[in-house]
Structures are given as structure tokens and as C-alpha cells.
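Residue-level structure breakdown
These are the residues of each chain, in order.
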Amino acid sequence: MSDDTILLGMKAIEVWPKDCQSEICGDSTIHRITFTDTREYHPRLVAKILELEENHRLRRRYFRGACGTKIHHLEKWASTEAELITARARALFRKVLECEHAVVDLSWANVYRAGDYCLPHSHLRSTASVVYCLDAGDEDPDDSQGGRFCFVDPRLRNCCQHQEGCMTTPFYPGMAAGTMLIFPSQLVHTVNPYAGARPRITLSWNINKHALPGPALPADAGSDP
Ligand SMILES: [Fe+2]
């Protein structure tokens, strides 16, 4: 297996499919790409995540507004599909930041069940963050913004459409299944409350050009498994 392909079963999948290009999304610091070969890895990856969500030491649930159930450390899942999508996240970082190295500080899945949401936050310890949508979940006929990812940051012009520096308009980059987004980790973002029956599943990576000292998760420093 080369660095350019990853073997899924008997099939070699290109880490970066030919003719695949990211585009600027609303702001020059945010880029988006949509992969079209998702049937090659989504079913097994979703099944893996739902298995880990059931009962696994990597599973963590904090409180309702803490972005659903988190399953950290994709590199520990023993999943070739997780390896592929991580390779894509790292390749996107290298392309957008025009650099040679991309070191993942922390990666995780988020599984949103009905009622879950994510309070506004930035990501620590990283230059850029990548989010990937595995399943956007069910549409809510009563709430077109339900379960949607958006930026709510006064540093983004898109968010300040009435007065510079005043955040009045959430910016929705659009996150369908297969969409990968990269943005500066400090940008404040949120996920609106989700009300669907099907789990809404995303993946995230915090990435730097070089490795940082110390554990990315405080729990990893102690005895908490
Ligand atoms: Fe986040």
C-alpha cells in the first residue's frame, strides 16, 4: 500500500481522488470539499461508530449540550475506513495550509441523538480543525436549522451582516454526507439541537504542522481509561 492509496478489503482507494478539489467556503480561511466515493467506506465506518457508541472505553458522554456522544482517537479503532478518512483530513490540511506535515493532535466522532446539541466553542491546541459529515441525520420538518453546524464568530464577515464586529447571522457552510470542512480552530462554531430519529454522525480532527507535547485530552494523562 502506498501513501496515495489505502486498501479497503480488496479495493485500493485513493486518499485524494483525481479531480477532487477543495473550494473556499464563505470566508478565505474556510475550505470545503465533498467526496463522492463514500459508499466505499461510509457503511462500515457508521457501523463501527455505532458499535463503539454502545459500550466502549473510548466512549464519552458529558452533558446534553456537549456535542452528543464522543468516541475519541480514531487511530485506536482498528478501522481501515477511519484510517482512510483521517488520511483525507491530513491531506486537506497540507493542501490548504500549503505545508508538508499534518499532525493530528486529537480526533473523535460525535454521535447526536434526539435532543443533543453543541454549545458554541473553539478547539484547543490546534491550528486548523477538520469536520467530516458521515450522516447528517433526519431533516426536521418543523425546524429547517435543526441539527445544523454553523459558525457564530464576530471575526467572520458572513456572521456580521448588519454591523462589523456584531455577530447577528450564523454562517451555515452546508454539511451533507461526504462533506469535509477545514477552518481555523479558534473560529467559534456550534450545532443546533437535533431532533431526528437516525443518529447524526460527524468526525473531527485537530491538526497542527508539528506534534505538541502532552496529552490532548486531560483524561489521557491520568488513570481514566
Ligand atoms: Fe467543534
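Here, every reference points to the structure presented above.
Described in the following lines is the structure provided in the data block. These numbers come from a predicted model, not from an experiment. Starting afresh in each chain, residues are numbered from 1 along the sequence in its written order. With pLDDT at 70 or above as the cut-off, local features in this predicted model cover only qualifying residues; side-chain atom pairs require 80 or more to be listed or tallied, and sums for whole chains, interfaces and linings still use all residues. The side-chain figures draw on all heavy atoms in the structure; neither hydrogens nor water molecules are used.

Here we look at the coordination of the iron ion
Octahedral metal centres with six donors ideally show angles of 90 or 180 degrees, and tetrahedral centres with four donors ideally show 109.5 degrees. Metal donors were taken as nitrogen, oxygen and sulfur atoms no farther than 2.8 Å from the ion, or 3.2 Å where the ion is Na, K or Ca. Water is excluded, so coordination may look unfinished. With distances of 2.1 Å, the protein atoms coordinating the iron ion are His121 (NE2), His123 (NE2) and His189 (NE2). Mapping the donors of the iron ion onto the primary sequence gives the spacing H-x1-H-x65-H. Only protein chains enter the calculation, and the probe is 1.4 Å; a residue is then buried if its accessible area is under 20% of its type maximum, exposed if over 50%, and partly exposed in between. For histidine 123, a relative accessible area of 9% translates into the label buried.

Overview of the pairing of strand S11 (residues 179-184)
Secondary structure elements are taken from DSSP: a helix is a run of H or I of four residues or more, a strand is a run of E of two residues or more, and numbering for both begins at the N terminus. Buried residues dominate S11, accounting for 5 of its 6 residues. Note that strand S4 (residues 27-34) and S11 share 4 bridges and pair antiparallel. Bridge pairing in S11 places threonine 34 opposite threonine 179. In this structure, strand S9 (residues 128-135) lies alongside S11, joined through 5 bridges in antiparallel fashion. By the bridge assignment for S11, valine 130 is matched with isoleucine 182. Pairing between strands requires that DSSP locate at least two bridges from one strand to the other.

Overview of a nonpolar patch on the surface
Residues Tyr62, Phe63 and Leu119 make up a contiguous nonpolar surface patch of roughly 310 Å² in combined accessible area. Exposure remark for tyrosine 62: the relative accessible area of 45% places this residue in the partly exposed category. Within the patch definition used here, like charges are joined within 9 Å and nonpolar side chains (Val, Leu, Ile, Met, Phe, Trp, Tyr) within 5 Å, considering only residues with over 30% relative accessible area and no salt bridge. For the area figures, the Shrake-Rupley method with a 1.4 Å probe applies, and any residue is considered shielded solely by the protein chains shown. Salt bridge criterion: a side-chain nitrogen from Lys or Arg within 4 Å of a carboxyl oxygen from Asp or Glu.

Here we look at the side chain of serine 107
Note on placement: serine 107 falls in strand S7 (residues 103-112). By the criterion applied in these results, polar contacts are pairs of N or O atoms within 3.5 Å in which, for protein atoms, one can donate a hydrogen and the other can accept it, and in which residues neighboring in sequence qualify only through two side-chain atoms. Here the side chain of serine 107 touches glutamate 75 through a polar contact of 3.5 Å, side chain to side chain. Residue contacts are counted whenever heavy atoms from the two residues lie within 4.5 Å of one another. Beyond its immediate stretch of four places on either side in the chain, serine 107 contacts Ile71, His72, His73, Leu74, Glu75, Ser204 and Trp205.

Quick notes on the environment of alanine 87
Structurally, alanine 87 is set in helix H2 (residues 80-97). Alanine 87 sits 71 residues away from tryptophan 16 along the chain, and the two C-alpha atoms are 8.7 Å apart.

Side note on the sheet that holds S9
Through backbone hydrogen bonds, the strands of a sheet pair up, either in parallel or in antiparallel fashion. On the basis of which strands lie adjacent, the open sheet formed by 8 strands has the order S3-S4-S11-S9-S13-S7-S6-S5 and antiparallel pairing. If you trace the sheet from one side to the other, it starts and ends with strand S3 (23-25) and strand S5 (59-60), each paired once. For S9 and strand S13 (residues 200-208), the ladder comprises 7 bridges, and the chain directions are antiparallel. Paired with valine 130 across the bridge in S13 is tryptophan 205. Against the sheet, helix H1 (residues 42-54) contacts S5, strand S6 (69-72), S7, S9 and S13, and its axis sits at roughly 100° relative to S9. H2 contacts S4, S7, S9, S11 and S13 of the sheet and is inclined by roughly 45° relative to S11. Note on geometry: axes are C-alpha line fits, over the in-contact stretch for helices, and angles between N-to-C directions span 0 to 180 degrees.

Some remarks on the packing of aromatic side chains
By convention, a stacked pair of Phe, Tyr or Trp rings (six-membered ring in the case of Trp) has centres within 6.5 Å and planes under 30 degrees apart, an edge-to-face pair has planes over 60 apart, and any other such pair is tilted. Within the structure shown, the criterion is met by 6 aromatic pairs. Centroid distance tryptophan 16 to phenylalanine 35: 5.6 Å. Interplanar angle 90°. Geometry classified as edge-to-face. On the criterion of sequence distance, the pair formed by tryptophan 16 in the loop between strand S2 (11-14) and S3 and phenylalanine 35 in the loop between S4 and H1 is long-range, its members being 19 residues apart. The residues tryptophan 16 and phenylalanine 35 share a single accessibility class, namely buried.

Considerations on the pairing of S4
Pairing between S3 and S4: 3 bridges, direction antiparallel. Its bridge partner being in S4, glutamate 23 is matched across the sheet by arginine 32. The loop that links S3 with its antiparallel partner S4 comprises 1 residue; one of these, glycine 26, has a positive phi angle of about 80°.

Side note on H2
Compared with the 26 Å implied by 1.5 Å per residue over 18 residues, the 26 Å span of H2 between its first and last C-alpha is a close match. Every buried residue of H2 is accounted for by Glu81, Ala82, Leu84, Ile85, Thr86, Ala87, Arg88, Ala89, Ala91, Leu92 and Phe93. For H2, the capping residue at the N-terminal end is serine 79, with a side-chain oxygen 3.4 Å from the backbone nitrogen of glutamate 81. Each helix should span, by expectation, one fewer than its residue count multiplied by 1.5 Å.

Functional significance is not addressed by these values, which are geometric in nature.
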